[in-house]
Structures are given as structure tokens and as C-alpha cells.
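Now for the letters of each chain:
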Amino acid sequence: MWIYCPYIVKNGVYVYPKNSKVFRFWVDDDKKKCTGNDQKKDA
């Protein structure tokens, strides 16, 4: 299954893709982990 992300947080810095709107990663269904904290919460 493909996972699409508009940004990646690496060492506290937001990294955005240069040549597209989103990053795309392949994740096997048996390795997928849902934590419920995937969305950034605005304070």
C-alpha cells in the first residue's frame, strides 16, 4: 500500500518535496502501524 505525506519531520525540521506535492512510500500491510498521532495538531 502506498502512503502519501506532504512533509517529513527530520530532527525537528520539516522537509517538503521539491519536485512534487507529496512524498510517497511503499508500506507492506503487515508492517503498517497506526498510532493515532500521525496528524500534526495545531496548538
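Residues numbered from 1 in each chain as written. Predicted model: local features only at pLDDT ≥ 70, side-chain atom pairs only at ≥ 80, totals over all residues. Heavy atoms only, no water.

**Student:** Help me understand the overall build of the protein, please; the structure alone is not making it clear to me.
**Tutor:** Helix and strand counts for the protein come out as zero helices and four strands. The burial tally for the protein puts 2% of its 43 residues in the buried class. Carbon and sulfur atoms make up 53% of the accessible area of the protein, which totals about 4,400 Å². (Helix = DSSP H or I, 4+ residues; strand = E, 2+ residues; numbered from the N terminus. Buried < 20%, exposed > 50% of the residue type's maximum accessible area, 1.4 Å probe, protein only. Areas by Shrake-Rupley, 256 points an atom, 1.4 Å probe, with all protein chains shown as cover.)

**Student:** I keep staring at the packing of aromatic side chains and nothing clicks. Help me out?
**Tutor:** For any pair of aromatic rings, geometry is given as the distance between the ring centres together with the angle between the planes. With the rule as written, the count across this model stands at four aromatic pairs. A centroid spacing of 6.4 Å and a plane angle of 25° characterise the contact between phenylalanine 23 and phenylalanine 25, whose relative ring orientation is stacked. By relative accessible area, phenylalanine 25 is classed as partly exposed at 38%. Cluster of aromatic residues (ring-pair linked, three or more members): Tyr7, Tyr14 and Tyr16. (Phe/Tyr/Trp six-rings, centres within 6.5 Å; stacked < 30°, edge-to-face > 60°.)

**Student:** How should unusual backbone geometry be read in this particular structure?
**Tutor:** What you tend to see is this: most non-glycine residues have negative phi, and most peptide bonds are trans. One non-glycine residue, asparagine 11, adopts positive backbone phi at about 55°. Mapping asparagine 11 onto the fold places it in the loop between strand E2 (8–10) and strand E3 (13–15).

**Student:** Help me out: how do you make sense of a nonpolar patch on the surface in this one?
**Tutor:** A surface patch of nonpolar side chains, amounting to about 520 Å² of accessible area, comprises Met1, Trp2, Tyr4, Val22 and Trp26. Along the polypeptide, valine 22 turns up in the loop between E3 and strand E4 (23–26). (Patch = residues over 30% accessible without salt bridge, like charges linked within 9 Å, V, L, I, M, F, W, Y side chains within 5 Å. Salt bridge = Lys/Arg side-chain N within 4 Å of Asp/Glu carboxyl O.)

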